[in-house]
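An overview of the molecular structure
Here's the letter readout for the chains.
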Amino acid sequence: QVQLVESGGGLVQAGGSLRLSCAASGRTISTYLMGWFRQTPGKEREFVAFISASGGALSYADSVKGRFTISRDNAKNTVYLQMNSLKPEDTAVYYCAARSRPFSTVVAGSYEYWGQGTQVTVSS
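Because the structure is a prediction, the values reported are computed rather than measured.

1. Concerning the sheet that holds strand E1 (residues 3–7)
Pairing within the open sheet is antiparallel, and its 4 strands lie in the order E1-E3-E8-E7. At either end of the open sheet lies a strand with only one pairing partner, and these are E1 and strand E7 (68–73). Mean inter-strand twist for the sheet, computed between neighbouring axes without regard to direction, equals 15 degrees. Sheet topology places E7 next to strand E8 (residues 78–83); 6 bridges connect them, and they run antiparallel. If you follow Phe68 over to E8, its bridge partner there is Met83.

If you want it as structure tokens, here you go:
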């Protein structure tokens, strides 16, 4: 069993930056695909980014490409999401997710473990 805890969310002005962290416990995530998703009220959970176990494969949603960077530190069992040039439309609850199976995916339902989420609010 893997427990994930996100942190780093908050209120920021448009154009600002935030760095989200996802700390894992219970098991090493060094062999897990790790992803970030976000959700706003009344909408489905949306893919933001994933990073492969080795860190060699990355993928981003078009809406965040060039602004967000996903990274991981397997020694610390932690995944990060650096968010720059934030826009009001980035406002959402951001979730960290882990997948133990071998192939990469942007589908939320394919991830087995989820954190509780952290709120990011971008004011205009």
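2. Structural notes on the pattern of salt bridges
Summed over the entire model, instances satisfying the criterion amount to 4 salt bridges. With its nearest N and O atoms 2.9 Å apart, the salt bridge here joins Glu46 to Arg38. We classify Arg38 as buried; its relative accessible area is 6%. When salt bridges with common partners are traced through the structure, they connect Arg38, Glu46, Arg67 and Asp90 into a single cluster.

Rules used in this analysis
Residues numbered from 1 in each chain as written. Predicted model: local features only at pLDDT ≥ 70, side-chain atom pairs only at ≥ 80, totals over all residues. Heavy atoms only, no water. Pairing = 2+ DSSP bridges. Helix = DSSP H or I, 4+ residues; strand = E, 2+ residues; numbered from the N terminus. Axes fitted to C-alpha atoms, helices over the stretch in contact; angles between N-to-C directions. Salt bridge = Lys/Arg side-chain N within 4 Å of Asp/Glu carboxyl O. Buried < 20%, exposed > 50% of the residue type's maximum accessible area, 1.4 Å probe, protein only.

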